[in-house]
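Listed here are the chains, written in short residue letters.
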Amino acid sequence: RKEVEQDPGPFNVPEGATVAFNCTYSNSASQSFFWYRQDCRKEPKLLMSVYSSGNEDGRFTAQLNRASQYISLLIRDSKLSDSATYLCVVTAASGGSYIPTFGRGTSLIVHP
Amino acid sequence: NAGVTQTPKFQVLKTGQSMTLQCAQDMNHNSMYWYRQDPGMGLRLIYYSASEGTTDKGEVPNGYNVSRLNKREFSLRLESAAPSQTSVYFCASRMASGQPQHFGDGTRLSIL
């Protein structure tokens, strides 16, 4: 089982739709969680951190479920500009350091 | 704000040639990372440096060496390039284990 797994998609949705992605992780001792956005193999850019209580940033909501070991990203009122690949990142201890592990990404296509 | 700067942005090498990819950050971050990204494989960690003076292997270190020259700079060296090392290479840095990483805009490397 991979450490961090994401459905690769693509998720193909119309403008204005609500779409949700999940990301599962295998290490129960994982400590910090993030969602990144990546456009056309440009560099990943931080979208938002994920907190235990859940957090919201405009149209984006992130949730953490430690019991079931997954994080989620909800995008409301999708825009054409939301089309991108969304990467989840989970940080867990490894040999005394905390190493971020990336999922392979979920592709989102928003169409008119 | 420069953030994380990678040089060069593009490079074509012949099999067996060597080269060094440079990365510098101006955010006073403690940890630095080198990733490669191949289609369908996501970001894979090559080497990381948790703090100045330390380096450790990641998931795919074979064929690479690194140097943490000082707190700002972390270089990646290919001693004898192979076609399998054709990829996009990203450097990243972060302040501490609970913080998100910041990425450079990548080096596109082709080995013929």
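One can find the structure itself at the top, above this paragraph.
This is a predicted model, so every value here is computed, not measured.

*Asks:* How should I be thinking about the overall build of chain A in this particular structure?
*Replies:* Across its full length, chain A carries zero helices and 11 strands. Each helix and strand of chain A, ordered N terminal to C terminal, gives the series β-β-β-β-β-β-β-β-β-β-β. In terms of overall dimensions, chain A is globule-like: its C-alpha atoms have a radius of gyration of 14 Å, near the 13 Å expected for 112 residues. Seen along its three principal axes, the alpha-carbon backbone of chain A occupies a region of about 50 × 30 × 25 Å. Per-residue burial over chain A gives 45% buried out of 112 residues. In chain A, of all internal contacts separated by at least 6 residues, the share reaching a separation of at least 24 is 56%. Just so you have it, chain A exposes about 5,500 Å², and 48% of that area is on carbon and sulfur atoms.

*Asks:* Hey, could you run me through the side chain of arginine 94 of chain B in this one?
*Replies:* Among the structural elements, arginine 94 of chain B can be located in strand S9 (residues 87-94). Nearest to the buried, unbridged arginine 94 of chain B among oppositely charged side chains is aspartate 56 of chain B, at 11 Å. Those residues in contact with arginine 94 of chain B that sit more than four places away from it in its chain are Thr91, Tyr98, Ile99 and Pro100 of chain A together with His29, Asn30, Ser31, Tyr33, Gln99, Pro100 and Gln101 of chain B.

*Asks:* Teacher, can you tell me more about the environment of leucine 64 of chain A here?
*Replies:* All names here are of chain A. Within the secondary structure, leucine 64 sits in strand S7 (residues 60-65). For leucine 64 and asparagine 22, which are 42 residues apart along the polypeptide, the C-alpha to C-alpha distance reads 9.8 Å. When residues no more than four places from it in sequence are discounted, the contact partners of leucine 64 are Tyr25, Phe33, Val50, Tyr51, Ser52, Tyr70 and Ile71.

*Asks:* What exactly am I supposed to notice about the pattern of salt bridges here?
*Replies:* Side-chain pairing between opposite charges can occur once the charged atoms of the two side chains come close. Taken as a whole and assessed by the stated rule, the structure comprises eight salt bridges over all chains. The salt bridge involving arginine 76 of chain A is made with glutamate 56 of chain A; its shortest N-O contact spans 3.5 Å. Of this pair, arginine 76 of chain A sits in the loop between strand S8 (70-75) and strand S9 (84-94) while glutamate 56 of chain A sits in strand S6 (residues 55-57), placing them 20 residues apart in sequence. A salt bridge links aspartate 77 of chain A to lysine 79 of chain A, with the shortest nitrogen-to-oxygen separation between them at 2.9 Å. On the basis of relative accessibility, which here comes to 34%, the residue lysine 79 of chain A falls in the partly exposed class. Shared partners join several salt bridges into a network, and the residues in it are Arg36, Asp38 and Arg44 of chain B.

*Asks:* I tried to follow the nonpolar core on my own but got confused; where do I start?
*Replies:* Across soluble globular proteins, nonpolar side chains show a tendency to be buried alongside one another. One finds Phe21, Trp35, Ile71, Leu73, Ile75, Tyr86 and Leu108 of chain A to be the most contacted residues of the largest nonpolar core, which totals 23 residues. Every element with two or more residues in this core is listed here: strand S3 (19-25), strand S4 (32-38), strand S5 (45-50), S7, S8, S9 and strand S11 (106-111) of chain A. Met32, Leu78, Tyr89 and Ile111 of chain B belong to the second largest nonpolar core, which has 20 residues in total.

*Asks:* Help me understand the sheet that holds S8 of chain A, please; the structure alone is not making it clear to me.
*Replies:* Each strand in a sheet pairs with its neighbour through backbone hydrogen bonds, running either in the same direction (parallel) or in the opposite one (antiparallel). Residue and element names in this part refer to chain A. An order of S1-S3-S8-S7-S6 is seen for the five strands of this open sheet, with the pairing classed as antiparallel. Each edge of the open sheet carries a strand with a single partner, namely strand S1 (4-6) and S6. In this sheet, neighbouring strand axes are inclined to one another by 20° on average, regardless of whether the strands run parallel or antiparallel. As paired strands, S3 and S8 are joined by six bridges and run antiparallel to one another. Following the sheet pairing, phenylalanine 21 is matched in S8 by leucine 73.

Parameters at a glance
- Residues numbered from 1 in each chain as written.
- Chains lettered and ligands numbered in written order.
- Predicted model: local features only at pLDDT ≥ 70, side-chain atom pairs only at ≥ 80, totals over all residues.
- Heavy atoms only, no water.
- Helix = DSSP H or I, 4+ residues; strand = E, 2+ residues; numbered from the N terminus.
- Rg over C-alpha atoms; globule rule 2.2 N^0.38 Å.
- Buried < 20%, exposed > 50% of the residue type's maximum accessible area, 1.4 Å probe, protein only.
- Contact = heavy atoms within 4.5 Å.
- Areas by Shrake-Rupley, 256 points an atom, 1.4 Å probe, with all protein chains shown as cover.
- Lys, Arg positive; Asp, Glu negative; His and termini not counted.
- Salt bridge = Lys/Arg side-chain N within 4 Å of Asp/Glu carboxyl O.
- Core = buried A, V, L, I, M, F, W, Y, C linked by side-chain atoms within 4.5 Å.
- Pairing = 2+ DSSP bridges.
- Axes fitted to C-alpha atoms, helices over the stretch in contact; angles between N-to-C directions.

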